[in-house]
Amino acid sequence: MTPVANLTLCSQGSATLLASATGSVVWYNSATGTGSLGTGTVFITPSLVSGTTTFYAEAITCSNSAVRTPVTVTVVPGPTVSISSTSLNICAGSQVVLNGNGAGTYTWAPYLPAAMTVSTGLSTTVTPLSTTFYSVTGMANNGCLGTGTLIIFVNPLPSLTLTTLNPSVCLGGTSTLVAGGAQNYSWITIGPNTPTLNAPNVAVVKPTVGSFYIVEGISAAGCISQASINITVHAL
């Protein structure tokens, strides 16, 4: 009879054992016992939970019974794979580093939606455009696989607006700038004139020369975007 190869299972379950022999093949769970488990060149073991179990295959012909050939099935635990990240909540356009844990080698893939290409390595850097599930398959030194998943929540940037009824003023005149679309605001001036705030989102400016004004809007999630406007000044 052709020797039966030993097997390793990465999780509990049944194993399929194959034997090649002249005559019929009988399977046993002991080297000398009489109670057989089954017959045939293909034998599916009972469900195995852990450890190593030995089965025996015996080729039987019309004239004699051969020596039983042992085959072992070893159940080894698969790796417990997880993903950690530098942040679970990010703003749109930001990067986040994902790190694999619990295995030796890793293969990364997006789970939903497809926001990255498949890559390998202990870590990967991603820039999801929307909330995304990521999956990593880790392989342990014994060849067994495990999977970890993680969701990265992506917060949108505020849709900031900056308007005025007076984009052009005469020297000495004022223009009122109104920002919208965010929760908090921070005003930036490029030029010599600082805005006077009537409200966090309302600024009155009195430029002496053409000036460029920028407002930063901050959302409740802390995401930031900018809007800008240019005020032209006409001499008297």
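First, a word on scope: everything that follows refers to the structure included in this document.

Rules and cut-offs
Residues take numbers from 1 onward in each chain, read along the sequence in its written order. Given that this is a predicted model, residues contribute local features only at a pLDDT of at least 70 and side-chain atom pairs are listed and counted only at 80 or more, while totals for whole chains, interfaces and linings are drawn from all residues. As a rule here, side-chain values come from all non-hydrogen atoms in the structure, and water together with hydrogens is ignored. DSSP bridges decide pairing: two strands pair if at least two such bridges lie between them. Runs of E in the DSSP output that reach at least two residues are strands. Runs of H or I that reach at least four are helices, and both are numbered from the N terminus. The axes used here are C-alpha line fits, helices contributing only the stretch in contact, and every angle between their N-to-C directions lies in the interval 0 to 180 degrees. Definition of nonpolar core: a set of buried residues of the types Ala, Val, Leu, Ile, Met, Phe, Trp, Tyr and Cys, connected through side-chain atoms within 4.5 Å. For each residue, the accessible area found with a 1.4 Å probe, counting protein chains only, is set against the maximum for its type, and the residue is called buried under 20%, exposed over 50%, and partly exposed in between. Contacts between residues were defined by any pair of non-hydrogen atoms, one from each residue, lying within 4.5 Å.

Sheet architecture is open: five strands sit in the order E1-E7-E6-E3-E4, paired in mixed fashion. In the strand order of this sheet, the two ends are held by strand E1 (7-9) and strand E4 (36-39), each with one partner. Strand-to-strand twist in this sheet, taken as the mean axis angle between neighbours without regard to direction, amounts to 25°. Examined bridge by bridge, strand E3 (residues 24-28) and strand E6 (residues 51-60) share five bridges and lie antiparallel to one another. Each residue of the ladder has a partner; that of Val25, found in E6, is Ala59.

Residues in a regular strand point their side chains to alternate faces of the sheet. One ladder, built from four bridges, connects strand E18 (residues 175-180) with strand E21 (residues 202-205); its direction is antiparallel. If you follow Thr176 over to E21, its bridge partner there is Val204. Counting the residues in the hairpin turn of strand E20 (residues 196-199) and E21 gives two residues.

Of all hydrophobic cores here, the largest spans 15 residues; its most connected members are Leu162, Leu177, Trp187 and Val215. Only E18, strand E19 (184-190), E21, strand E22 (211-218) and strand E23 (224-234) provide two or more residues apiece to this core. For this core, the element with the highest residue contribution is E23, accounting for four residues. Excluding anything up to four places from it in sequence, Leu162 contacts Leu177, Val178, Ala179, Trp187, Tyr213, Val215, Ala227, Ser228 and Ile229. Leu17, Ala19, Phe55 and Val75 belong to the second largest nonpolar core, which has 14 residues in total.

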